[in-house]
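Structural description and commentary
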Amino acid sequence: MAGVLLAEYFVTDRARWLWQFRLDQMAADPGRARWMVRQAVVGDKGLVVGHAGFHGPPDEVGMVEIGYSIAPDFRRQGYARSALIELLRRAAAETSVTTVRATISPDNVASLATISGFGFVEVGEQWDEEDGLELVFEVPARRVPPA
């Protein structure tokens, strides 16, 4: 159904939960679809290296939260950084978006390194039922990152 061959990483129970959750959100409100997670594809052969997107449309103050994940076989090759850049560019192009949020586990050294250098500022922390403690980072949406 994805139109491309997906690695095992994308069909695990955890990944299936995400896909079903997002599909249910889109079924309830089709207008959300353009804000949801998409495959991160590279090359002319359609190699799926991960997924990236927003948790939903901008909230009442214009905040969107980003999410991305890269399959283990493709990590440490710049794909997460590229996905982040594209998400930030997309947010900057939307006039309704004022702030981009990233929530990251304090133990997720790779994601913390990925957002460094993009102007994210730690603004607090939260408890996520799925992921536990998360640090909350935000950056103004109009801060378009370098290529």
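Since this is a predicted model, take the numbers as computed values, not measurements.

1. Focus on the overall build of the protein chain
The number of helices and strands found in the protein chain is 3 helices and 6 strands. Counting all 147 residues of the protein chain, 39% fall into the buried class. Considering only residue pairs separated by 6 or more positions, the protein chain has 53% of its internal contacts joining residues 24 or more positions apart. As displayed, the protein chain offers around 8,800 Å² of accessible surface, 54% of which is attributable to carbon and sulfur atoms.

2. Some details on the confidence of the model for the protein chain
Mean pLDDT over the protein chain: 81, with 70% of residues reaching 70 or higher. Between the elements of the protein chain, mean pLDDT differs from a low of 62, seen in strand E1 (residues 38-42), to a high of 95, seen in strand E4 (residues 99-104).

3. Structural notes on unusual backbone geometry
The backbone of Arg76 sits at a positive phi, close to 65°, despite the residue not being glycine. Inspection of the secondary structure puts Arg76 in the loop between strand E3 (63-70) and helix H2 (79-93). By relative accessible area, which is 86% here, Arg76 ends up exposed.

4. Regarding the environment of Gly67
Following the sequence through the fold, Gly67 ends up in strand E3. Along the backbone, Gly67 and Ala102 are 35 residues apart, and their C-alpha atoms lie at a distance of 7.1 Å. With residues near it in sequence (within four places) discarded, Gly67 still touches His51, Ala52, Gly53, His55 and Leu87.

5. Focus: the packing of aromatic side chains
In the structure shown here, the tally under the stated rule is 1 aromatic pair. Judged by centre distance (6.4 Å) and plane angle (75°), the rings of Phe74 and Tyr79 are edge-to-face. Relative accessible area serves as the criterion here: at 18%, Phe74 is assigned to the buried category. Here Tyr79 falls in the partly exposed class, since its relative accessible area comes to 22%.

6. Here we look at the pairing of strand E5 (residues 121-128)
The pairing of E5 with strand E6 (residues 132-140) spans 7 bridges and is antiparallel. Following the sheet pairing, Val121 is matched in E6 by Glu138.

7. What about the side chain of Thr114?
Within the element layout of this structure, Thr114 appears in helix H3 (residues 109-115). Residues contacting Thr114, with those up to four places away along its chain left out, are Tyr68, Ala80, Arg81 and Leu84.

8. Some points on H2
Since there are 3.6 residues in each turn of an α-helix, residues three or four apart along the chain are aligned in direction. Its 15 residues give H2 an end-to-end C-alpha distance of 21 Å, which sits within 8% of 21 Å, the value for a rise of 1.5 Å per residue. If you check which residues of H2 are buried, you get Ala80, Ala83, Leu84, Ile85, Leu87, Leu88, Ala91 and Ala92. For H2, the elements touching its buried residues are strand E2 (47-54), E3, E4, H3 and E6.

9. A look at the nonpolar core
Judged by nonpolar contacts, the single largest core of 28 residues is most densely connected at Ile66, Val100 and Phe120. Elements represented by at least two residues in this core include exactly E2, E3, H2, E4 and E6. For this core, the element with the highest residue contribution is H2, accounting for 7 residues. What Val100 contacts, discounting residues up to four positions off in sequence, is Val64, Ile66, Leu88, Ala91, Phe120, Phe137, Glu138, Val139 and Ala141.

Rules and cut-offs
The residue numbers shown here count from 1 along each chain, following its written sequence. For a predicted model such as this one, the threshold for reporting local features is a pLDDT of at least 70, and the threshold for listing and counting side-chain atom pairs is 80 or more; totals across whole chains, interfaces and linings nevertheless cover every residue. Side-chain metrics in this entry use all non-hydrogen atoms of the structure; hydrogen atoms and water are not considered. We count a stretch as a helix when DSSP gives it H or I for four or more residues in a row; a strand needs E for two or more, and each element gets its number in order from the N terminus. Three labels apply to residues, based on accessible area from a 1.4 Å probe with only protein chains included: buried if under 20% of the type maximum, exposed if over 50%, partly exposed otherwise in between. Residue contacts are defined here by distance: any two heavy atoms, one from each residue, within 4.5 Å place the two residues in contact. Here the Shrake-Rupley method, with its probe set to 1.4 Å, supplies the accessible areas, and only the displayed protein chains count as covering residues. pLDDT expresses, on a scale from 0 to 100, how confident the predictor is about each individual residue. Paired rings are identified among Phe, Tyr and Trp, the last through its six-membered ring, by centres lying within 6.5 Å, and are further divided according to the angle between planes into stacked (under 30 degrees), edge-to-face (over 60) and tilted (the rest). A pair of strands counts as paired when DSSP detects no fewer than two bridges linking them. To estimate the expected span of a helix, subtract one from its residue number and multiply by 1.5 Å. Only buried residues count toward a nonpolar core. Its members are Ala, Val, Leu, Ile, Met, Phe, Trp, Tyr and Cys residues joined through side-chain atoms within 4.5 Å.

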